[in-house]
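Here are the chains, one letter per residue:
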Amino acid sequence: MNITIEVISGFIGGKITGDEKKEINNAAKIEEAKPGDLTFLYHPSYEKYFPLTKATAIVVKPDFKKTRNDIVYIEVPEPDKAFAKIIVKFFSPKINLEGIDKTAFVDPSVKLGNNTAIGKNVVISAGCKIGKNVKIFHNAVILENVDIGDDSIIYQNVSIRENCKIGARVIIHANSVIGSDGFGYYNDEKGAFQKIPQIGNVVLEDDVEIGSNVSIDRAALGSTILKRGVKIDNLVQIAHNVSIGEDSAVASQTGISGSTKIGKHVLLAGQVGLAGHIEITDNVIIYAKSGISTNINKPGTYFGYPAKDIKTSLKIEAHLRRLPQYAEKIKELEEQIKTLKELIVKNTDSNQGS
Amino acid sequence: MNITIEVISGFIGGKITGDEKKEINNAAKIEEAKPGDLTFLYHPSYEKYFPLTKATAIVVKPDFKKTRNDIVYIEVPEPDKAFAKIIVKFFSPKINLEGIDKTAFVDPSVKLGNNTAIGKNVVISAGCKIGKNVKIFHNAVILENVDIGDDSIIYQNVSIRENCKIGARVIIHANSVIGSDGFGYYNDEKGAFQKIPQIGNVVLEDDVEIGSNVSIDRAALGSTILKRGVKIDNLVQIAHNVSIGEDSAVASQTGISGSTKIGKHVLLAGQVGLAGHIEITDNVIIYAKSGISTNINKPGTYFGYPAKDIKTSLKIEAHLRRLPQYAEKIKELEEQIKTLKELIVKNTDSNQGS
Amino acid sequence: MNITIEVISGFIGGKITGDEKKEINNAAKIEEAKPGDLTFLYHPSYEKYFPLTKATAIVVKPDFKKTRNDIVYIEVPEPDKAFAKIIVKFFSPKINLEGIDKTAFVDPSVKLGNNTAIGKNVVISAGCKIGKNVKIFHNAVILENVDIGDDSIIYQNVSIRENCKIGARVIIHANSVIGSDGFGYYNDEKGAFQKIPQIGNVVLEDDVEIGSNVSIDRAALGSTILKRGVKIDNLVQIAHNVSIGEDSAVASQTGISGSTKIGKHVLLAGQVGLAGHIEITDNVIIYAKSGISTNINKPGTYFGYPAKDIKTSLKIEAHLRRLPQYAEKIKELEEQIKTLKELIVKNTDSNQGS
């Protein structure tokens, strides 16, 4: 697909320096761009690539020094965001799946919207309702009474268990599992675990995106809920009865234990762990690898395990690095006190002796 | 399914206050219960929902204050456990899979027990023995010479590699992998990794349950073994030659390195990591996110990384939080000593001068 | 398969003590070995099994005390490595997959090398090129324009997304996902996440091995690259635009954030987390559970979070364990200073009074 720089710049409200009639056919990283590519420069650490990039055009900030005249500049206040919008508009990949494959099993009771595509060996069980323009890739399995809203994409080898409810424009990446049983047992008189049937479901509201190899357990009772716009990265664990508020995001390998409630606009970085039955209020950011074992009632940034507000955490960490010096210093002080004591005793003696 | 409160209460040996003839058709959380539902109250933090719940009946402790008379009470010593037993007895979901689907491949050499159900596109390779009443869901793949005991459930997209042995009443949730190769290499003279063939298998004994997206590697030699009643949560890693004793449980995202041996009745919380070639004795509890790099020979509760017994760990953490104050205090003491020294010198001078 | 001890020892250049004509038909761990088995002894902690092992022959170090004469000894300098080579040579399991199954879908445009085996319900989409002697197990899904080099093995339920490039002799274990979308969004004016299309791919070079349930995201632009000989354990997260150098290894449940560059011969232990946009130089070892948030420019061993060089880290940890004592000591010093001060004041008074 060839587009003139003029059209691209117009779309993002940019200011062009150079030949606006040149054509762009791809988007690329600055260090890999070839002639015909559009690139961008945002982070200072990538400036070193500017003198050598072969890109035809570059999206930059308004104050960028235009030291080359063999490249076309498009100036905008936020080059990274503008570049993202250009990719969405002009370079979004086509999702290649059309029609209902003859090897797919769609139970006769399933309601299918128009223009929905179903790949090879897909299983859609009785009672499901699938919306319009949905794409369900090869070898995905959807058990009974699952709803999937319009324009959603289910990638290959995804498993969705019975009774789960998936909204519109939801994306579930390959090999993720929605609605597996929660980890619920009680101990019998012999100390063996007895399984508590998990009779709830999972609800993914509109515009939720789920990474690959994610596990979202069904509720013991009621629903595990991810609200509108929640984004979940790969290999995340979401236990039974968790709820996550609108527009929150959870990075890779983070785990959220049972019945924990997370507010809106919360960001959990990677490998974070949240205990069960706690509440995290809105607008909280938790840094990578933190462990949260109690409620967080105040918006802000938290870090560590047990997590503290970021200032306290960094302060403690700084002191921790100096702990060997402190130990040394304590020893020194001890010595000095000993010396002083001796001096005083000597003085006292000499006084008494005087 | 409608059951009278009388029948339910009788099953758990409860004491009814209210109309024992009323009928229950579902179990629900106290805050979501509707007329016709049974609910329970156990944890004090949920008492706030009692005045508003629409449940028809509620399982409570014997000392519960019966401030409402539009709800039927069932009193038992352990409402949570009693409620779990009620769900098991009356509300267990039916596992919907019957017959052997014509799209499934079952090698002619496979021995199949009575009443076993095999879903669509399932592959069961040569030499497998599958017991009675087993359910194997769609798109699961079972390679050669795998045994699966009676009444086990294998969910969709599960992979079981050759020669693994699965007991009776085992449940394996969707997309888990049993018997992938252990991570075993040696370095050749050029520093490249050379693969060591992993020629062992995995043994899951009776009543084991495995969550979704779990990886259990086959042994390099011999077997990786999970003994009777072991419960494994989602996204857990179990490396080659690990063994886990009876009735132990491993929470989500925990990883157990190669050849480590874990005793009976051990509980590993979430995101714990265990080094390889270590032993954990029986009746050990390890808190979330801990790292264990040496043997644990004494039953008890452990926490931290490197993990210490819980008391020591909490003590150190408390001191850690006060580390900035300690640093401040050290500075103060230094100042005070300096002042004292000056004083003493002054005294000595004045003494000597006198 | 029966092989004489003479042949085995000859292959690894060993020195035999005992009957070299005896035959071996399997390899086993020392504690589980049966007559006919070959075993080895390397780690001192396994010496306790030597008196009881039923193995026919044992690979040992040259200085091993031959206290039994009912077992044949093969002496070599590195018994563990020699044993690994023996397994590779004589006991490697056969990978059971032959021919192209009639239930597999191979798009007519796909180029297939000789002797390639494709299992049941496999999907290989348009434009793919598959080399010679490749084995693709049941229910794997490979989308458009994927290349797979000679002698590679793709296990069951693996998902490979469009345009990814897989080298020769690559192994991908069950249920892993290659080329899922990177976790890339920008915030719109309402604070909602807008998806940035991920238009790059994943490149796995020759001799790469990927564990089970691994997620490797496609690049936003360009490629996520794992170079020759990289080995990845189970449940690892590799985010968009990561690159990993030759002969590096990543243990289970480790996560590498977006655009991070890792050098050659780097070892990341289990549950390590790396921040995005950082660089790790060659020959770095990072211990389990460490968190790396800045560049590492110097080869060496690192540990902790934030990670420090191993010496510093262990020193701080040792001091941390003594922190309660330090706190006690500070209190004592405070008391002593108080006492000294009183003494001095008394002395001064008695001086002034004299």
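Residues numbered from 1 in each chain as written. Chains lettered and ligands numbered in written order. Predicted model: local features only at pLDDT ≥ 70, side-chain atom pairs only at ≥ 80, totals over all residues. Heavy atoms only, no water.

**Q** An account of the overall build of chain A is requested, with residue identities and associated values reported.
**A** Assigned secondary structure in chain A consists of 4 helices and 39 strands. Radius of gyration (C-alpha) of chain A: 29 Å, far over the 20 Å computed for a compact globule of 354 residues. Looking at chain A as a whole, 57% of its 354 residues are labelled buried. For chain A, the exposed area adds up to about 14400 Å²; of that, 51% sits on carbon and sulfur atoms. (Helix = DSSP H or I, 4+ residues; strand = E, 2+ residues; numbered from the N terminus. Rg over C-alpha atoms; globule rule 2.2 N^0.38 Å. Buried < 20%, exposed > 50% of the residue type's maximum accessible area, 1.4 Å probe, protein only. Areas by Shrake-Rupley, 256 points an atom, 1.4 Å probe, with all protein chains shown as cover.)

**Q** Report on the relation of the copies chain C and chain B, specifying residues and quantitative values.
**A** Note on the identical chains: chain C maps onto chain B by a rotation of 120° and an axial translation of 0.1 Å, with an RMSD of 0.1 Å. Expressed as an axis order, the relation between the two copies is that of a three-fold axis. (Least-squares fit on C-alpha atoms with pLDDT ≥ 70 in both.)

**Q** Could you give an account of the interface of chain C and chain B, naming the residues involved and the relevant values?
**A** Contacts between the two partners involve 65 residues from chain C and, on the opposite side, 73 residues from chain B. Roughly 5400 Å² of surface becomes buried between chain C and chain B when both sides are summed, with 63% attributable to carbon and sulfur atoms. Our count for the chain C to chain B interface comes out at 3 salt bridges. Taking the shortest distance from any N to any O, the salt bridge between C:Glu209 and B:Lys195 comes out at 2.6 Å. Applying the counting rule to chain C against chain B returns 29 residue pairs in polar contact (both at pLDDT 80 or more). For the side of chain C that touches chain B, the elements supplying multiple residues, two or more each, are strand 4 (26–27), helix 2 (79–91), strand 27 (231–232), strand 30 (249–250), helix 3 (310–321) and helix 4 (323–353) of chain C. (Contact = heavy atoms within 4.5 Å. Buried area = accessible area lost by both parts, 1.4 Å probe. Salt bridge = Lys/Arg side-chain N within 4 Å of Asp/Glu carboxyl O. Polar contact = N/O pair within 3.5 Å; in protein donor to acceptor, adjacent residues only side chain to side chain.)

**Q** Provide a residue-level description of a nonpolar patch on the surface, including the pertinent values.
**A** Residue and element names in this part refer to chain A. Judged by side-chain polarity, Leu267, Ile285 and Tyr287 come together as a nonpolar surface patch covering roughly 230 Å² of accessible area. Tracing the chain through its elements places Tyr287 in the loop between strand 36 (284–286) and strand 37 (291–292). On the basis of relative accessible area, Tyr287 is assigned to the partly exposed category, the value being 38%. (Patch = residues over 30% accessible without salt bridge, like charges linked within 9 Å, V, L, I, M, F, W, Y side chains within 5 Å.)

**Q** Please set out the interface of chain C and chain A residue by residue, giving values where relevant.
**A** Contacts between the two partners involve 73 residues from chain C, matched on the other side by 67 residues from chain A. Taken together, both faces of the contact between chain C and chain A bury some 5400 Å²; the carbon and sulfur share is 62%. On the chain C side of the interface with chain A, the three residues burying the most area are C:Phe183, C:Phe193 and C:Leu221, jointly 12% of the side's total. Between the two partners, chain C and chain A, sit 3 salt bridges. At the surface where chain C touches chain A, the tally comes to 29 residue pairs in polar contact (both at pLDDT 80 or more). Listing elements by their share of the side of chain C that touches chain A, those giving two or more residues are strand 17 (159–160), strand 20 (177–180), strand 21 (185–187), strand 22 (193–195), strand 25 (215–217), strand 39 (307–309), helix 3 and helix 4 of chain C. With 13 residues, helix 4 of chain C is the single largest residue contributor to the side of chain C that touches chain A.

**Q** How would you explain the sheet that holds strand 10 (residues 117–118) of chain A if you had to name every residue and give the values?
**A** Residues and elements named next belong to chain A. Read from one edge of the open sheet, 11 strands run 10-13-16-19-24-27-30-33-36-38-39, paired in mixed fashion. Since the sheet does not close on itself, it has two edges, and those belong to strand 10 and strand 39 (307–309), each with one partner. Here 2 bridges tie strand 30 (residues 249–250) to strand 33 (residues 267–268), and the two strands are oriented parallel to one another. Counterpart to Val250 in the pairing with strand 33 is Leu268. Each of strand 38 (300–304) and strand 39 touches helix 3 (residues 310–321); the most contacted strand, strand 39, lies at about 110° to it. (Pairing = 2+ DSSP bridges. Axes fitted to C-alpha atoms, helices over the stretch in contact; angles between N-to-C directions.)

**Q** Go over the domain arrangement of chain A with me, naming the residues and quoting the values.
**A** Here the domain parsing of chain A yields domain 1 (3–91), domain 2 (158–312) and domain 3 (322–354). Spacing between the C-alpha centres of domain 2 of chain A and domain 3 of chain A amounts to 57 Å. (Domains from an automatic or database assignment.)

**Q** Please set out the pairing of strand 20 (residues 177–180) of chain A residue by residue, giving values where relevant.
**A** Where strand 17 (residues 159–160) of chain A and strand 20 of chain A come together, 2 bridges link them in parallel fashion. Among the inter-strand pairings, A:Ser159 is bridged to a residue of strand 20 of chain A, identified as A:Val177.

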